[in-house]
Amino acid sequence: MGQASRTTKLLLDLSERTRGGVNTSKRAYLEETAKVLDAARAFYLAFFLAHPDKLTERVRYFSEKHQEERERLISPNELLTWAESLTVVTAAHPHPLPSYTFSEQFPEFPFIYRRSVIKDALGKARSYLSNLANWNTRGKKKGQPGSPGASNHPTLYDEAFCLDLDATDLRTGPHTCFARLKVYTGTQWQWYNYPVELSRYFEARWRDPAWETQSPKLIVRKKSAALHFPQVKHVEAKRVKESKEDPHLVTVAIDLNVKNLAVITVRRDGNTIETVFVKDHGLDQHRYGHLKRIAKKQWQSGKPVAGEHSNQQIWGHVRRMNEDASHKVARAIVTVCTRYPGCVLLFERLRKIQAKGSSKSRRMNRKQANQLRGKINQHTKDKAYASCSTVTVEVNPHGTSQYCSHCGARGERFSYRGGKRIREKWGKLFACPTCQYEANADFNASVNIHHSFYRQWHWQQRLKLPPRTG
Ligand SMILES: [Zn+2]
């Protein structure tokens, strides 16, 4: 049993007010809110880093189960209470630490936001201190962990946020719905209504009973603002070990490539029962064209011009293309998986396709292709687990493109150029000299992923040699 997670995004409407958006001062409040929360987080980060011993304090407690006194690490909630008692003036603690009076520096700070930043700061301080400790024990000179930054996207808990969709009807117009947020105006904290760009997509995901929605994060960017709702779902999935005992187990293997973005092969009882090629529809060429332009500009100006406006647009375009393609491929793979309930999804452990030699634009394009493979892998895993409880296994990728998927012998790759058969490393086709089998090279690799999963032929588990003595 496990948990799947996803994020559902809701854009705040920051368009002109005449078109139904929010007025400019309300927009500024979002930035003010993020700013003051960052400052508050920085305050507590400094506070925790000034008391590193407290974070690792052991507390004694009585274990009912073992009927004895035991020791454990101090809990985040205990640390929160402790931090509040030293920094906030209350009736119980009228005199907090003089140098750390939070309530003096941040008057009227809402209680719920304070707890949220304390928890954030605590997490940051703990991870920084443990990184630092690891670095110290390794005794290296380089790579000292830098002190943690305090900025973060704030989490909006119930007392600072409210979204009521039940009263709205999508048919009556797009702007009948608001998110109520408690924001900082620069002088005080207040509740304001922000129009949201409601869509059917959001509605469907928000109302989906299978998913539990958690407190959203407020993401404020230069030109947009959004609420990101984390959602979680409980998934009942078989362990791979149990699945492997099924003699008729269906395995779905994915070979990720550049032109064939994914080659999906489905096997049962040692036979391939379905094959799907997901092509890139010219994505690689398209992307290469854009990157060539960027590389040319950089070469002409003699320095990277990544910050330049036009290049930012191109990079944004390339990023969106990749993101879009990765989701589409992932969906195609998951569609195949849903046809075979109880199947196991197989990926190769991703290795980098080397981005060396050739031109700068080619290297950049190769890098993008690698990132795309990583994205497809991640999105597919998440979607398959969430939508059909399919578990993913990463198998040993060694030699999947060099060995024959028919007989296991070492083969060669070739292409046809002008009617002639030419042996080449990146040939589109695969040929086996032992059994004369010929196939598309990516298809052959995809089938080999199944063999790697079952540890057949080249991928047999090798017996480890006994350790040498003496
Ligand atoms: Zn063969």
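No experiment lies behind these values; they were computed from the predicted model shown. (Residues numbered from 1 in each chain as written. Predicted model: local features only at pLDDT ≥ 70, side-chain atom pairs only at ≥ 80, totals over all residues. Heavy atoms only, no water.)

*Asks:* An account of empty space enclosed by the protein is requested, with residue identities and associated values reported.
*Replies:* Any empty space left between atoms is shown by rolling a water-sized probe over those atoms. Scanning the model with the defined rule gives one cavity of 30 Å³ or more in all. Put simply, the largest cavity is a space of about 50 Å³. Looking at the largest cavity, the residues that line it are Asn257, Val258, Leu261, Arg287, Ala369, Leu372 and Arg373. The greatest single-element share of the lining of the largest cavity, amounting to three residues, is contributed by helix H10 (residues 360–388). Of the residues belonging to the lining of the largest cavity, the class tally is four nonpolar, one polar and two charged. (1 Å grid on protein atoms, 1.4 Å probe; cavity = no way out; pocket = protein on both sides within 12 Å on 5 of 7 lines; lining within 4 Å. Points joined across faces, edges and corners; volume = space filled by probe spheres on them. Helix = DSSP H or I, 4+ residues; strand = E, 2+ residues; numbered from the N terminus. Nonpolar A, V, L, I, M, F, W, Y, C, P; charged D, E, K, R; others polar.)

*Asks:* So what's going on with the sheet that holds strand S14 (residues 391–395)? Which residues, and what values?
*Replies:* Strand order in the open sheet made by the five strands is S12-S11-S10-S13-S14, with mixed pairing throughout. The open sheet has two edge strands with one neighbour each: strand S12 (271–279) and S14. Strand-to-strand twist in this sheet, taken as the mean axis angle between neighbours without regard to direction, amounts to 20°. Bridge count between strand S10 (residues 251–256) and strand S13 (residues 344–348): four bridges; the pairing is parallel. Across the sheet, Val252 pairs through a bridge with Leu345, a residue of S13. Sheet strands in contact with H10 are S10, strand S11 (260–268), S13 and S14, and its direction is about 165° off that of S13. (Pairing = 2+ DSSP bridges. Axes fitted to C-alpha atoms, helices over the stretch in contact; angles between N-to-C directions. Contact = heavy atoms within 4.5 Å.)

*Asks:* Pulling in residues and values, what's your account of the pattern of salt bridges?
*Replies:* Under the definition given, this model contains 21 salt bridges. Two residues, Arg115 and Glu84, come together in a salt bridge whose shortest N-O distance is 2.9 Å. On the criterion of sequence distance, the pair formed by Arg115 in helix H5 (residues 111–138) and Glu84 in helix H3 (residues 76–87) is long-range, its members being 31 residues apart. Residue Arg115 is classed as partly exposed on the basis of its relative accessible area, which comes to 29%. Taking relative accessible area as the criterion, Glu84 reaches 11% and is therefore assigned buried. (Salt bridge = Lys/Arg side-chain N within 4 Å of Asp/Glu carboxyl O. Buried < 20%, exposed > 50% of the residue type's maximum accessible area, 1.4 Å probe, protein only.)

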